[in-house]
Amino acid sequence: MSLLKNPYPLTTPVIQSNSWRFGDLAAADLLPILQRHLLAQDQKARWQLVWLNNKDQPVIGLLPKVSWQVYPDSSYQNDINNSATYQIIKHCRDTGSNNDKTSNDKTCTKIMSYHAWQNELITYSEDYKSNNNHSALTDAPKYHHGLMGFIGYDIAAHHLSPNSNIKQAHQPCAVLGHYDIYLSADKDQTQWTLQVTSDNSALPQDSKAALIKKLITYLDVLNSQLAMTNTFKSATKPLVLTAKWQKSDYQQAFIQTQNYLQQGDCYQINLTQAWLGSFDADASFNDKSATQLLDYLPALHRNTQAPFAGYMSVTPSIQHSQIDRQKAHFELLSCSPELFFTFISDSKTSTHHIRTKPIKGTQPRGATAEQDKRLKQQLINSAKDRSENVMIVDLLRNDLGKYAKIGSVKVPQLFDIESFSNVHHMVSTITAELKPDTHPLAVLFGSLPAGSITGTPKKRAVEIIAELETVPRGAYCGTMGYMNFNGSGQWNVLIRTLQAQHNPKNNSDSQVSLWAGGGITVASDCSDEYQECLDKVGNLLAVLHQNKDKTAS
């Protein structure tokens, strides 16, 4: 049977299988324990955990029915349309095509362009589209059945400017999974329910039923263990990340950025820099005691409480000669405060609406209430930050204008201030109603990378960014989130985000990166912009550097 299309669309809505309290742990505290527990119970299962905070409506994807892992393709440079091609590794669970009852899984590899992959995802989603579970226009979006994962900056930037020299990191460019087995939390986040979707396909369901039965047993065991104690300790070793650039390097890049701005290439360019490090060489990654990025998630989320935080763990589906350098285990941990898109499906009118909230403008939090109030007021009064913000608002209005009904693009909030644990941000809100024939996935793919982390005009900005930053961003400044098959969904901007690429044989050779930056205009001051980078990630660096046992309850 073809693996490019699902011939058996969903007809049965989500059903609830079982519920657990898991010691009343918060999602970020639960996830490291859950992942290690599931791996210990069944190492052969292709667990691909993904957690989305989803503005305090958390969901944990466990085992995708279908997953797509996207890697740069070194053997094919461009297709007939001059678009770069990628290796799309597609893994399907429960294909029913294998007579070996021990495994009904199947994996295939395709060489495809970014646009062709987008079309495959749209076709797949349309096959699963159901009239059930449509959300009302005023409802906050929740995941109920669809795709979860991330799309990196590099692949989107390269698609935007295919003829420029935009390098791509040696890691997954994007990973999406159809999660029909996942955990959702109740309103108080004290109880987790295993959600399972089923279809009326002609495929045998025995393997899935057996999997769910085992999974419930695994979760029962974990729940019992956590119920015996209301506290747990998470010991993490210090993870020291060092700035790739000295301040003089940043100054040089800033001067070059100003030159491009003065020449009229752009009105705004988002210049970023990286902090790099590696895990201690205490064990190979395959050792259960090896440090993972996931181990730092509880402390990082307690510190940031980021509304659009997320985590994803990716192990390659196959070993392929063309992706030797990228086939190591990959982790993505985001503490993002920024919403890229919220898609809302209105069942009453059969319309789709979209909301985006770009961040542009930053001030640090104050040490005292008085100082904090003063810094917030400085941001409110800042003509420079307002100018930067409105540039990106105009850019996003234009981006949405390609997909929105005429006259529906609105800016209901301009220059709002939102406060987070370490900074105040200036945030604006743009809304629109999508054209009837526009699929939300086409809007998502077509609008990447986000304007707030590139500049304006966007195409020229990504070209200048590639020249000045010299190394690929990877997933950083891409997007992470979910898209239900009915077209509702929510996606962040991958800022305040850590990436880890593990060497399976030597954990000290595993690279960890964290980035920060800001929009540069002709009115920008180099020292202020450099300090803004430190303000944005200083708290994350401090948490990573700590070497103390943390107790959560």
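For clarity, every value in this text was computed on a predicted model and none was experimentally measured.

Draft legend 1. Local environment of the overall build of the protein chain. Scanning the protein chain for helices and strands turns up 11 helices and 26 strands. For the protein chain, the accessible surface area stands at approximately 22200 Å², while carbon and sulfur atoms represent 48% of it.

Draft legend 2. Expanded view of unusual backbone geometry. For the bond running from leucine 448 to proline 449, omega is -10°, close enough to zero to count as cis. The residue proline 449 is located in the loop between α9 (440-447) and β21 (455-456) in this model. Each neighbour pair has its own omega, and for threonine 456 with proline 457 the value is -5°, a cis peptide bond. For proline 457, the position within the fold is in the loop between β21 and α10 (458-469). The backbone of glutamine 189 shows a phi angle near 55°, a positive value even though the residue is not glycine. Inspection of the secondary structure puts glutamine 189 in the loop between β9 (181-185) and β10 (192-196). Among the residues examined, glutamine 189 registers a relative accessible area of 21% and is labelled partly exposed.

Draft legend 3. Here's a closer look at α10. For α10, spanning 12 residues, the distance from its first C-alpha to its last is 16 Å, which sits close to the expected 16 Å at 1.5 Å a residue. Every buried residue belonging to α10 is among Lys458, Ala461, Val462, Glu463, Ile464, Ile465, Leu468 and Glu469, and all of these are buried. Threonine 470 sits one or two residues past α10 and shows a positive phi near 70°.

Draft legend 4. Highlighting the packing of aromatic side chains. Tallying each qualifying case throughout the model produces 15 aromatic pairs. Taken together, a centroid distance of 5.5 Å and an interplanar angle of 75° make the contact between tryptophan 117 and phenylalanine 445 edge-to-face. Within this pair, whereas tryptophan 117 is found in helix α2 (residues 114-128), its partner phenylalanine 445 is found in helix α9, the two being separated by 328 residues in sequence. Neither residue differs from the other here; tryptophan 117 and phenylalanine 445 are each classed as buried. Seen from their ring centres, tyrosine 124 and phenylalanine 485 are 6.2 Å apart, and the 55° between their planes marks the pair as tilted. Of the two residues, tyrosine 124 sits in helix α2 while phenylalanine 485 sits in the loop between β22 (479-484) and β23 (489-492), which places them 361 residues apart along the sequence. Tyrosine 124 gets classed as buried once you look at its relative accessible area, which sits at 2%. Aromatic ring contacts, followed pair by pair, group Trp68, Tyr124, Tyr128 and Phe485 into a single cluster.

The rules behind each value
Residues numbered from 1 in each chain as written. Predicted model: local features only at pLDDT ≥ 70, side-chain atom pairs only at ≥ 80, totals over all residues. Heavy atoms only, no water. Helix = DSSP H or I, 4+ residues; strand = E, 2+ residues; numbered from the N terminus. Areas by Shrake-Rupley, 256 points an atom, 1.4 Å probe, with all protein chains shown as cover. Buried < 20%, exposed > 50% of the residue type's maximum accessible area, 1.4 Å probe, protein only. Expected span 1.5 Å × (residues − 1). Phe/Tyr/Trp six-rings, centres within 6.5 Å; stacked < 30°, edge-to-face > 60°.

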